[in-house]
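# Inside the fold
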Amino acid sequence: MKVKDLLIVTILISSLTLFSCETEVKDVPPPAPSSVIPTESQVEYQQMEMIGFIHFTVNTFTDKEWGMGDEDISIFNPSELDTEQWVKVAKEAGLKELILTAKHHDGFCLWPSAYTEHSVKNSPYKDGKGDIVKEFTDACKKYGIKAGLYLSPWDRNHADYGKPEYIEYYRNQLTELLTNYGDISEIWFDGANGGDGYYGGANEERRIDKLTYYDWDNTIALVKKLQPNILVFSDAGPDIHWIGNEKGFAGETFWSTIDKSKLVIGGSESAYLNAGDPNGNSWIVGQCDVSIRPGWFYHAKEDDEVKTPEHLLDIYYKSVGRNAILLLNLPPDRRGLLHENDVKNLNTFKQMRDQIFDDNLAKGKEATADTYWGSHPDYAASKITDGSFDTYWAAEQGKKVATLNLDLGAETSFDHLVLQEYTPLGQRVSSFTVYAQDGESWKEITGGTTIGLKRILTFSEVSASKLKLELETTGDVPTIAEWAIYNAE
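Residues numbered from 1 in each chain as written. Predicted model: local features only at pLDDT ≥ 70, side-chain atom pairs only at ≥ 80, totals over all residues. Heavy atoms only, no water.

A few words now on the overall build of the protein chain. In terms of helices and strands, the protein chain carries ten helices and 20 strands. Viewed in the frame of its principal axes, the protein chain has a C-alpha envelope of about 105 × 50 × 45 Å. Long-range contacts, defined as pairs at least 24 residues apart, comprise 75% of the intrachain contacts of the protein chain with a sequence gap of at least 6. Here the protein chain has roughly 20800 Å² of accessible surface; of this, 48% comes from carbon and sulfur atoms. Side chains of the protein chain give 47 positive and 76 negative charges; the mean places of these two sets differ by 2 Å. (Helix = DSSP H or I, 4+ residues; strand = E, 2+ residues; numbered from the N terminus. Contact = heavy atoms within 4.5 Å. Areas by Shrake-Rupley, 256 points an atom, 1.4 Å probe, with all protein chains shown as cover. Lys, Arg positive; Asp, Glu negative; His and termini not counted. Charge placed at Lys NZ, Arg CZ, Asp CG, Glu CD.)

In structure tokens, the structure reads:
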């Protein structure tokens, strides 16, 4: 090759290289996280959406909700107990975790505890050789759902309740449960704090100081030491908190952030728990607990009062659809099985959800935004319709108000709308409004305040080809991971 030709080739290559460098999209760091964000475990936990509770003890056989602790445990003898039935029913209904009442307020233990005689080891069940906690955790492991346990802090049977010695007893039992049964996903502490009880034959009322008696900081530290990956539920978290009612409803405005200094196990303000706090200093997932029956334990007289699938769907919208997780109680009957009526309604509830949310009419549709982070495609509006929570749109730096547009390509009918923030960066949206194009103008169809991990809105059927979402935050720039629409018909 001649020198002149070589020079021309060199110039061409240099020009192409320069053009390539000039047109290459440079990486842009993502938006900074908010000052309070969830742990990865908290995000994964809430993404389960629905979990279950199993209330089963001597109360099932005495027809009570709260036992006094003086029950003759010879009555505890389920004839067909099958923990695998519980787990299979729950899994088929879409529940991802089950929590078992290992001990309720009556003090009867469903495992052969070495620290009390008031347990399954002295009952007729399997001639005292049974261990229902083990049967339960083995079944969860077999069918691939997570196992949680509830150990009531109040014990109406134990003679030392109200004394310092009881705390040692309680922690010994926690140690048994968290060392002998494999991985436990969640430990559940409620706010029951004393009153009338048998107390080893004393038959008296005992009150405790709920602020100091259980020494919760050290009790929770023990739990975390025994099971580092466990999540702890209580009025005050630290990982999951009670929603403030037993209807299964989160507030229409619900923040995952909350001020932990305002929370007390057994003494938190219900309204505060139900709303969260946009200025909160801790991220604690809200959990909505409710029973499929009027009571938490099985009562034959309630066989015709099982919540209908429609009622359960309404609860789903007001829990999962308001940025919380739903904990649905399923109480086994005296056989030790989930009753046929409960199973039937639960299955229909699952079928209804599947039918409604089967086809996301917005998936893959064109989305645009008036602004996006760093003008980088990684944060463009197209991410909100790609079907992945792990990709997201974010507004440009400094923006507290932003607009997203969705072009469905053709007139589309829908009556459900689902929004998700990218919560690993925090919860940011404080208000939103959704519009449908109506000729040359826009018509408001729905809106609200908070979004969080998931917000579900329902309304009368709308037909439109173009939609607009206006967002506002009080702080960091808004993010949206998914915008979906569905038609229930």
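Attention now moves to the packing of aromatic side chains. Think of a pair of aromatic rings as described by two things: how far the centres are apart, and how the planes are tilted against each other in angle. Counted according to the given criterion, the structure contains 29 aromatic pairs. Plain terms: the ring middles of Y170 and F189 are 6.4 Å apart, the flat faces sit at 50 degrees to each other, and that makes the pair tilted. Of the two residues, Y170 sits in helix α6 (residues 164-179) while F189 sits in the loop between β4 (186-188) and β5 (194-197), which places them 19 residues apart along the sequence. The pair Y170 / F189 is uniform in exposure class, with both members buried. The structure contains a cluster of three or more aromatic residues connected by ring pairs, namely Y161, Y166, Y169, Y170, F189, Y199, Y213, Y214 and W216. Its end group placed over the ring of F249, K318 keeps NZ or CZ at 4.7 Å from the ring centre. (Phe/Tyr/Trp six-rings, centres within 6.5 Å; stacked < 30°, edge-to-face > 60°. Buried < 20%, exposed > 50% of the residue type's maximum accessible area, 1.4 Å probe, protein only. Lys NZ or Arg CZ within 6 Å of the ring centre and 35° of its normal.)

With that settled, the discussion passes to the sheet that holds strand β12 (residues 325-329). Spatial strand order, β1-β2-β3-β4-β7-β8-β11-β12: eight strands in a closed barrel with parallel pairing. Along the sheet, successive strands turn relative to each other by an average axial angle of 25 degrees, direction set aside. Note: β4 against strand β7 (residues 231-234), three bridges, orientation parallel. Residue pairing for β7: E186 is matched across the bridge by L231. (Pairing = 2+ DSSP bridges. Axes fitted to C-alpha atoms, helices over the stretch in contact; angles between N-to-C directions.)

The interhelical angle for the contact between α6 and helix α7 (residues 216-226), taken along N-to-C directions, is 20 degrees, at an axis separation of 10 Å. As judged from the angle between their axes, α6 and α7 are roughly parallel. Considering the relative orientation of α6 and α7, their crossing is right-handed. For the pair α6 and α7, the contacting residues are Y170, R171, L174, T175, L178 and T179 in the first and W216, N218, T219, L222, V223 and L226 in the second. (Parallel < 35°, antiparallel > 145°, perpendicular 65-115°, else oblique. Left-handed = near helix turned anticlockwise from the far one by under 90°.)

Now for the pairing of β7. Remark: a regular strand shows side chains that alternate across the two faces of the sheet. Side chains L231 and F233 project from β7 onto one buried face, and the interleaved V232 and S234 project onto a second face that is buried too. Sheet topology places β7 next to strand β8 (residues 240-242); two bridges connect them, and they run parallel. Looking across to β8, one finds that F233 is bridged to I240.

Ranked by internal contacts, the top residues of the largest apolar core, which has 102 residues, are F76, W86 and I132. Here this core gets seven residues from one element, more than from any other, and that element is α6. Not counting chain neighbours up to four residues away, the residues in contact with F76 comprise F56, T57, V58, F61, F108, L110, V120, S123, P124, Y125 and I132. Counting 40 residues, the second largest nonpolar core, distinct from the first, contains W373, L404, I451 and L471. (Core = buried A, V, L, I, M, F, W, Y, C linked by side-chain atoms within 4.5 Å.)

Quick look at the environment of V232 now. With respect to the helices and strands, the residue V232 is situated in strand β7. When its relative accessible area of 0% is taken as the criterion, V232 is described as buried. Placed twelve residues apart in sequence, V232 and I220 show a C-alpha to C-alpha distance of 7.7 Å. Sequence-distant contacts of V232, defined by excluding residues within four places in its chain, comprise I187, F189, I220, V223, K224, G237, P238, D239 and I240.

This paragraph deals with unusual backbone geometry. With an omega of 20 degrees, the peptide bond between G237 and P238 qualifies as cis. One can find P238 in the loop between β7 and β8. For E49, which is not a glycine, the phi torsion comes out positive at approximately 70 degrees. Looking at the secondary structure, you find E49 in the loop between α2 (40-47) and β1 (50-54). With a phi close to 55 degrees, K126 is a non-glycine residue in the positive phi region. For K126, the position within the fold is in the loop between β2 (97-103) and α5 (132-143).

A few words now on the pattern of salt bridges. Across all of its chains, the model carries 18 salt bridges by this definition. Across the pair D215 and R171 runs a salt bridge, and its minimum N-O distance is 3.1 Å. Of this pair, D215 sits in the loop between β6 (204-207) and α7 while R171 sits in helix α6; the two residues are 44 residues apart in sequence, bridging distant segments of the chain. Look at D215 and you get partly exposed, because its relative accessible area is 30%. (Salt bridge = Lys/Arg side-chain N within 4 Å of Asp/Glu carboxyl O.)

What follows concerns helix α9 (residues 309-319). Those residues of α9 lying buried are P309, L312, L313, I315, Y316, Y317 and S319. For α9, the elements touching its buried residues are β1, β11 (285-291), β12, α10 (340-356), β15 (401-420) and β18 (455-473).

We now examine the environment of P38. Relative to the elements of secondary structure, P38 occurs in the loop between α1 (3-23) and α2. By relative accessible area, P38 is classed as buried at 9%. With 388 residues separating them along the chain, P38 and G426 place their C-alpha atoms 7.1 Å apart. Not counting residues up to four positions away in its chain, the partners in contact with P38 are V43, W283, T423 and P424.

Turning our eyes to something else, we now look at α6. Compared with the 22 Å implied by 1.5 Å per residue over 16 residues, the 23 Å span of α6 between its first and last C-alpha is a close match. Among the residues of α6, Y166, I167, Y169, Y170, Q173, L174, E176, L177 and L178 are the ones counted as buried. (Expected span 1.5 Å × (residues − 1).)

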